[in-house]
Amino acid sequence: MAYAEQGEVIAEFVDTTKRFGKVLAADRLNLRIGKGEFLSFLGPSGCGKTTALRMLAGFEAPTEGRILIDGQDIGAEPAHRRPVNMVFQHYALFPHMTVAENVGYGLRQRRPKLAKDDIAARVARALDTVRLGDFGPRRIWEMSGGQQQRVALARAIVNEPKILLLDEPMAALDAKLRAEMQMELLSLQRKLGITFILVTHDQQEALSMSDRICIMGKSRIAQIGTPRELYDRPANRYVADFVGRANILPGTVTRNIGEHALVRLASNHDVVVEAPRPVNPGDKVDIAIRPEGLRLGASAEPGLPDITATVARMTFLGEHVEYLLRHPDLGELQVMVPRQAERALPGVDVGTQLHILWDQGNGLILGQD
Amino acid sequence: MTKARARWLLLGPAGLWYAALLVLPLAVVLVYSLGERAPAGGYAPALTLAQYANLGSRWTAFQNTLVLAPVGTLAALLIAYPLAYFLAVKSNPRWRTALLVLVIVPFWTSILIRSYAWIFLLGGRGIPALLADLGLGDIRLINTPFAVLVGIVYGYLPLMVFPIYVSLERLDKRLLEASSDLGAPPWRSFLQVTLPLSLPGVATGSMLVFILLMGEYLIPQMLGGGKVFFVGNALVDLFLQSRNWAFGSAMAVTLVAVMLVTVTLYMRFLSRIGAARDDVGLM
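Residues numbered from 1 in each chain as written. Chains lettered and ligands numbered in written order. Predicted model: local features only at pLDDT ≥ 70, side-chain atom pairs only at ≥ 80, totals over all residues. Heavy atoms only, no water.

Per an unreviewed UniProt entry, chain B goes by ABC transporter permease subunit and derives from Paracoccus aestuariivivens. In UniProt, chain B has this text filed under Subcellular location (unreviewed entry): "Cell membrane". Here chain B is described in UniProt, under the heading Sequence similarities (unreviewed entry), as follows: "Belongs to the binding-protein-dependent transport system permease family. CysTW subfamily." (UniProt positions renumbered as here; feature names shortened; annotations may be inferred.)

The name given to chain A in an unreviewed UniProt entry is Spermidine/putrescine import ATP-binding protein PotA, and the organism recorded there is Paracoccus aestuariivivens. The Catalytic activity (unreviewed entry) comment attached to chain A in UniProt states, word for word, "ATP + H2O + polyamine-[polyamine-binding protein]Side 1 = ADP + phosphate + polyamineSide 2 + [polyamine-binding protein]Side 1." UniProt's Sequence similarities (unreviewed entry) comment on chain A is quoted here verbatim: "Belongs to the ABC transporter superfamily. Spermidine/putrescine importer (TC 3.A.1.11.1) family."

What follows is the structure, encoded as structure tokens:
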């Protein structure tokens, strides 16, 4: 939570809970969002991330707990009086209005009324910002998916909201366009300095864009942190599994070594891993190691445990080759081998026995779910 | 099968139907309207505009039709819209189908029987008697324009409700969230999003009701009691009682012409609303 602690807090969830009948959609969310921050809610569908966003927008009221914007409890404020704007998943553009009318809609709702010239000027500026300068008089249905997305963006930012909410805005775009929009969105956020809150189920999207990610699972916050923190130090099995890929292995702690621990695997090999939480000898733990945290060798290396496994599958991915190995006690293990390193393994094929090299300090002990 | 043959097969039956039952009779009526009444009644060939010159003598029928058809359409619209809105937006989806069935339940009984019921309700021993008992004075309802209007709204309400319901039901609810998100309170969201997007339903419903009302015969007959009559009633009178087929035909042709003009004007009005929205923007 380093980010929000340093800067000014723009929004805060305090024990915010939402129930739909008997269904618990959000369970005691506690989260501070910093001014100017790009925060993502990441999780599979039904994890409560959209509910969190909709509560912030004012479409759902929390059943318990509070939501603060700029220090004020806005739990009772209807959506139309909140200083936030949303880019909807399917854009929700008004089909009976032109592009410019759509973008100017929020400005036309202001009371006291804004001057027509003023509205027109701001709409033109917003359309320029999203590079749709000449598209004002067009009808919505004349616009492509990517263009509609920009109209939706312009319609939101023209109001200069304190927080911009983005509900899976890139879900309907094809991969290439999505990557483009991600970069554009990011530079727009830096330029405007508005707090962006993105809801997505695409971890790549969250990792590449966010200052911080709030990982949600089963209606709860599983972990909050920077993309690097989440990737390098997942708090639990759920996060390790959801962000990137990880081999997760059970083991027993045999010794504490400062911030590390010696863990005995099911195959009776001892490995040295990070211990982000205090553990004691005898503790049963799960350890996670990324596929790129392991190496493969034709022979064992001195000082490292000698884990021998059989190649079950090799998947060529360009600059990397992904190996799937099978070990009688450890089960399946994924190892990511750079092409450069693969040259040291000539003649390897499915069925070949290889040595898995586990460098000291790679991998870490996970917390309980 | 060639494309041309497929087209004839598709259009053939309806085309024949229209030719035999619409175009041909219309042509006959047009020819008759230029003729004269035979001495013993019926039609005598002639080529005169005398019947049209005489239309003024039946002006009241046109006046009633041209006032009560639009007013009835408007009244039905004003009652149907809130109902359709409730059904499409506010009602519990679990009960929605049942409620929709309730709207069309009256259609299960003949309009004749239902109009009879209204004769009793509006007649001397019905609602007026009740009002008199409450000390509200002696009010006559049956055989007044009001009675005809009640009958019209009652009879045609479902025709208005359904097209509006469909357009409201199809409305993307996220548009209303977007409107609210952009700062519009609920009533302004209604005016700027819901209402314009339901206009096609309003147009369809109004056309349906208005066109049928222009040719209405039964309701004025039963609830207007010969005092409030439409062109349709005048036509029955001319063809069956006075047996003045030439004059009746002239009147029928005039009604078709009036209907064409009003419907065209209405369509142009609607498309102008749409065009105005394109140009200036809403509100």
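A. Quick peek at helix α7 (residues 145–170) of chain B. Taking 1.5 Å of rise per residue, the 26 residues of α7 of chain B would be expected to cover 38 Å, and the 36 Å separating its terminal C-alpha atoms lies within 8% of that figure. At Tyr156 of chain B, α7 of chain B shows its maximal bend, which comes to roughly 50 degrees, and the proline Pro158 of chain B appears one to four places after that position. (Helix = DSSP H or I, 4+ residues; strand = E, 2+ residues; numbered from the N terminus. Expected span 1.5 Å × (residues − 1). Bend = angle between axes of the 7 residues up to and from the residue.)

B. Inspection of the interface of chain A and chain B at higher detail. Taken together, the contact between chain A and chain B spans 25 residues of the former and 24 residues of the latter. Both faces considered, chain A and chain B share a buried interface measuring about 2100 Å² in area, 54% of it formed by carbon and sulfur atoms. Between chain A and chain B we count one salt bridge in total. Its salt-bridge partner being Glu177 of chain B, residue Arg54 of chain A comes within 2.6 Å of it at the nearest N-O pair. Applying the counting criterion to the chain A and chain B interface returns nine residue pairs in polar contact (both at pLDDT 80 or more). (Contact = heavy atoms within 4.5 Å. Buried area = accessible area lost by both parts, 1.4 Å probe. Salt bridge = Lys/Arg side-chain N within 4 Å of Asp/Glu carboxyl O. Polar contact = N/O pair within 3.5 Å; in protein donor to acceptor, adjacent residues only side chain to side chain.)

C. Expanded view of the state of the cysteines. All names here are of chain A. All told, the structure shown has zero disulfides over all chains when counted by the stated rule. Not engaged in a disulfide, the cysteine Cys47 finds its nearest cysteine sulfur in Cys214; these two sulfurs lie 8.9 Å apart. For Cys47, a relative accessible area of 2% gives the class buried. Under the relative-accessibility criterion, Cys214 is labelled buried at 0%. (Disulfide = S-S within 2.5 Å. Buried < 20%, exposed > 50% of the residue type's maximum accessible area, 1.4 Å probe, protein only.)

D. Focus on the pairing of strand β6 (residues 84–87) of chain A. Residue and element names in this part refer to chain A. Taking every second residue as pointing to the same face, both faces of β6 are buried, with Val84 and Met86 on one and Asn85 and Val87 on the other. Direction of pairing for β6 relative to strand β7 (residues 163–167): parallel, over a ladder of four bridges. Bridge assignment links Asn85 to a residue of β7, and that residue is Leu164. (Pairing = 2+ DSSP bridges.)

E. Focus on the pattern of salt bridges. All names here are of chain A. Counted according to the given criterion, the structure contains 26 salt bridges over all chains. The salt bridge partner of Glu301 is Arg295, with a shortest N-O separation of 3.2 Å. Note that Asp359 and Arg295 form a salt bridge whose closest N and O atoms lie 2.9 Å from each other. Here the residue Asp359 occupies a position in the loop between β19 (353–358) and β20 (364–365), and Arg295 occupies one in strand β15 (residues 294–297), the gap between them amounting to 64 residues. What makes Asp359 partly exposed here is its relative accessible area of 24%. The exposure class assigned to Arg295 is partly exposed, which follows from its relative accessible area of 32%. Members of the salt-bridge network, linked through shared partners, are Asp27, Arg28 and Arg220.

F. Structural view of the nonpolar core. Of all hydrophobic cores here, the largest spans 53 residues; its most connected members are Ile164 and Met251 of chain B. Mapped onto this core, the elements with two or more residues apiece are α3 (59–90), α4 (93–104), α5 (111–122), α7, α9 (186–214), α10 (218–223), α11 (231–241) and α12 (245–280) of chain B. The element that contributes the greatest number of residues to this core is α7 of chain B, accounting for 13 residues. Residue contacts for Met251 of chain B: discarding those within four places in its chain leaves Leu55, Arg58, Ala61, Phe62, Val231, Ala234, Leu235 and Leu238 of chain B. Grouped together as the second largest cluster of nonpolar side chains are 41 residues, Phe13, Phe59 and Ile224 of chain A together with Leu182 of chain B included. (Core = buried A, V, L, I, M, F, W, Y, C linked by side-chain atoms within 4.5 Å.)

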